[in-house]
Amino acid sequence: MVFLFYSSLRVLPLDTPITTIADFSSMLKRLRLERSLTQKRLGEKLGLSQKRISAIEAHPEQVSLDQILTVLMALGAKLHVRTLDAEGDAIADTGEASW
C-alpha cells in the first residue's frame, strides 16, 4: 500500500508516493512551504499553535488521521491510498469496486 498526496494547486507532482514516516513529514512541510505559509500562519488557519504545527510536521505518526486530513485540506491536498501488486507496482484504478 502506498499513500499519495494530490495537490489541488498542482505545485507538486500530481501523485507523490509516501512510503515512510520521513517521507510523510517532508511532504507536509513541502506542501506548507510551496503555499508560502509559515507554521504560525497555517496554525492560525486551523486554530492551532505554531508549536502544534511544528509537532505535526516533525512527528506525523503521533497525530490522528482526522487531524492529518484537516491539515491536508488546509494545504489544498488530499490523501489517496493505492493498492500495489506483488511486485510493488500500482494497480490501475478502474473506478469500479470489485468484491
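Residues numbered from 1 in each chain as written. Predicted model: local features only at pLDDT ≥ 70, side-chain atom pairs only at ≥ 80, totals over all residues. Heavy atoms only, no water.

### Here's the deal with the packing of helix H2 (residues 39-46) against helix H3 (residues 50-58)
The geometry of H2 relative to H3 is characterised by a closest axis approach of 8 Å and an angle of 105° between their N-to-C directions. Taken together, the axis directions place H2 and H3 in an arrangement best described as roughly perpendicular. Between H2, through Gln39, Lys40, Leu42, Gly43 and Leu46, and H3, the contact on the second element is made entirely by Gln50, Ile53, Ser54 and Glu57. Split by residue class, the contact of H2 with H3 holds 3 nonpolar, 4 polar and 2 charged. (Axes fitted to C-alpha atoms, helices over the stretch in contact; angles between N-to-C directions. Helix = DSSP H or I, 4+ residues; strand = E, 2+ residues; numbered from the N terminus. Parallel < 35°, antiparallel > 145°, perpendicular 65-115°, else oblique. Contact = heavy atoms within 4.5 Å. Nonpolar A, V, L, I, M, F, W, Y, C, P; charged D, E, K, R; others polar.)

### What to know about the nonpolar core
The biggest cluster of nonpolar side chains holds 16 residues, and the ones touching the most others in it are Leu28, Leu42, Ile56 and Ile68. Breaking this core down by element, the ones donating at least two residues are helix H1 (21-34), H3 and helix H4 (65-74). Other than its neighbours up to four places away in sequence, Leu42 contacts Arg32, Leu37, Ile53, Val71, Ala74 and Leu75. (Core = buried A, V, L, I, M, F, W, Y, C linked by side-chain atoms within 4.5 Å. Buried < 20%, exposed > 50% of the residue type's maximum accessible area, 1.4 Å probe, protein only.)

### Remarks on H1
Over its 14 residues, H1 runs 20 Å from end to end, which matches the ideal 20 Å to within 8%, given 1.5 Å per residue. Within H1 the residues assigned to the buried category are Phe24, Ser25, Met27, Leu28, Leu31 and Arg32. All buried residues of H1 lie within an arc of 165° about the axis, which places them on one face of the element. Backbone geometry just downstream of H1 places Ser36 in the positive-phi region, at approximately 55°. (Expected span 1.5 Å × (residues − 1). Arc of directions from axis to C-beta.)

### Some thoughts on the packing of H2 against H4
The contact between H2 and H4 brings their axes to 10 Å, and the two run at 110°. Taken together, the axes of H2 and H4 lie roughly perpendicular to each other. Within the contact between the two elements, H2 uses Leu42, Lys45 and Leu46 and H4 uses Thr70, Val71 and Ala74. Of the residues belonging to the contact of H2 with H4, the class tally is 4 nonpolar, 1 polar and 1 charged.

### Some words on the confidence of the model for the chain
Chain-level pLDDT for the chain is 81 on average; 73% of the residues reach the 70-or-more range. When the elements of the chain are averaged for pLDDT, strand S1 (residues 2-7) gives the smallest value, 50, and H2 the largest, 97. (pLDDT = per-residue confidence, 0-100.)

### Concerning unusual backbone geometry
Even without glycine at this site, Ser36 takes up a positive phi of about 55°. Note on placement: Ser36 falls in the loop between H1 and H2. Assessed through its relative accessible area of 68%, Ser36 is described here as exposed.

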